[in-house]
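A structural walkthrough
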Amino acid sequence: MPKFAANISLLFSELPYLDRFQAAAAAGFEAVEILFPYETAAKETQRALLANGLELLLINAPPPNYTGGEPGYAAIPGGEDRFQRDIRRVLRYADVLRPGIIHVMAGYEKGEEALQTFVRNLKWAADQAPQQQFTIEPLNSGDQPGYFLDDFNLAREILAAVERPNVGLQYDAYHAQLIHGDAAKVWDEFSANTVHVQIGAAPSRSEPGSGPVDFDALFAAIDASAYDGWVSAEYNPSTARTEDSLGWMS
Ligand SMILES: O=C(O)[C@@H](O)C(=O)CO
Ligand SMILES: [Mg+2]
């Protein structure tokens, strides 16, 4: 079985932000990810991680999107200043929080100029912090209409153009299933590019168990691949208490 982590932006979201760390640790998780930690001082988040012995796997940059703004600026021609400001901001958070990964979001734009902008901005970010792992994640267009990075083939093309060892693919089984119709096949094809994995059932985005994705087979394929990182549960629990949605882990 892969080692599972909790995305506490979605899991345990029935609790106030700072209480989710203790709940995740009590449920047996040793690592968490937080999509947008920017409403809380980095020191407070750091204290919650340390108090509960949790590793921080991932944060997103540039912020924010869940609070109503754009989901990133990396592929927006003319948005370079904003992008660089946001990357500097996330790197200040990263100095304190030490996330293994920073997910760089592309934003709403299409076309060749957006592609070139995304590539240039990713190179710039990667060179600002060569020791920091960055990722890009294809998101399905049902949830994010108009989002630039909506296809795994496009992600591979971008990674090849960026040519930086510290920029890799974030594979989310939920998005893979909705974009390409077969999350397992996408894993087979793209596991070599993948540096971070997230999971959620499709189309519900609830815990594994519903829908067409065979998670036992997917976990076996992940185990059999060269990927040895965390598999982060990023779903909306169908139960009132997140703990009651965790049966799939055993
Ligand atoms: O899959 C998702 O939606 C997330 O991983 C994300 O980063 C978008 O905010
Ligand atoms: Mg995801």
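Residues numbered from 1 in each chain as written. Chains lettered and ligands numbered in written order. Predicted model: local features only at pLDDT ≥ 70, side-chain atom pairs only at ≥ 80, totals over all residues.

Once that is clear, we can look at the pairing of strand β2 (residues 31–34). Where strand β1 (residues 3–7) meets β2, 2 bridges bridge the pair, whose relative direction is parallel. Its bridge partner being in β2, Ala 6 is matched across the sheet by Val 32. Traced from β1 through helix α1 (residues 20–26) to β2, the parallel crossover comes out right-handed. By the bridge criterion, 4 bridges tie β2 to strand β3 (residues 55–61) in an arrangement that is parallel. Residue pairing for β3: Val 32 is matched across the bridge by Leu 56. Since β2 and β3 lie parallel, the crossover through helix α2 (residues 42–51) that links them has a hand, and here it is right-handed. (Pairing = 2+ DSSP bridges. Helix = DSSP H or I, 4+ residues; strand = E, 2+ residues; numbered from the N terminus. Right-handed = clockwise from strand over helix to strand, strands pointing away.)

A separate point is helix α4 (residues 112–128). Over its 17 residues, α4 extends 24 Å from the first C-alpha to the last, a length consistent with the 24 Å expected when each residue adds 1.5 Å. By the burial criterion, the buried members of α4 are Ala 114, Leu 115, Thr 117, Phe 118, Val 119, Asn 121, Leu 122 and Ala 125. Looking at the buried side of α4, the elements it contacts are α3 (80–97), β4 (101–104), β5 (133–136), α5 (152–162) and β6 (167–172). (Expected span 1.5 Å × (residues − 1). Buried ≥ 20, exposed ≤ 12 C-beta atoms within 10 Å, placed from the backbone. Contact = placed C-beta atoms within 7 Å.)

Close to ligand 1 lie 10 residues, the nearest being Leu 35, Asn 60, His 103, Glu 137 and Asp 172. Across the shell around ligand 1, the residue classes tally to 2 nonpolar, 5 polar and 3 charged. (Near = placed C-beta within 6 Å. Nonpolar A, V, L, I, M, F, W, Y, C, P; charged D, E, K, R; others polar.)

Note that Ala 224 resides in helix α8 (residues 215–224). Linking Ala 224 and Met 1, residues 223 residues apart in sequence, is a C-alpha distance of 10.0 Å.

Turning our eyes to something else, we now look at the packing of α3 against α4. Between α3 and α4, the least distance of the axes is 11 Å, while the angle of their chain directions is 30 degrees. One finds that α3 runs roughly parallel with respect to α4. Relative to α4, the crossing made by α3 is right-handed. Contact with α3, carried on its side by Glu 80, Phe 83, Gln 84, Ile 87 and Leu 91, involves Asn 121, Trp 124, Ala 125 and Gln 128 of α4 and no other residues of that element. Considered class by class, the residues forming the contact of α3 with α4 number 5 nonpolar, 3 polar and 1 charged. (Axes fitted to C-alpha atoms, helices over the stretch in contact; angles between N-to-C directions. Parallel < 35°, antiparallel > 145°, perpendicular 65-115°, else oblique. Left-handed = near helix turned anticlockwise from the far one by under 90°.)

In the numbering used here, UniProt assigns the "active site" (unreviewed entry) feature to Glu 137 and Glu 234. Maximum C-alpha separation among the annotated residues is 13.2 Å over a sequence range of 98 residues, consistent with a single clustered spot. Mapped onto the fold, Glu 137 is located in the loop between β5 and α5. In this view, Glu 137 contacts His 103, Leu 149, Gln 170 and Asp 172; residues no more than four positions away in its chain are not counted. Position of Glu 234 relative to the elements: it lies in the segment after β8 (230–233). Assessed through the 24 C-beta atoms surrounding it within 10 Å, Glu 234 is described here as buried. Excluding its chain neighbours within four sequence positions, the residues that come into contact with Glu 234 are Asn 7, Leu 10, Asp 172, Gln 198, Ile 199 and Gly 200. (UniProt positions renumbered as here; feature names shortened; annotations may be inferred.)

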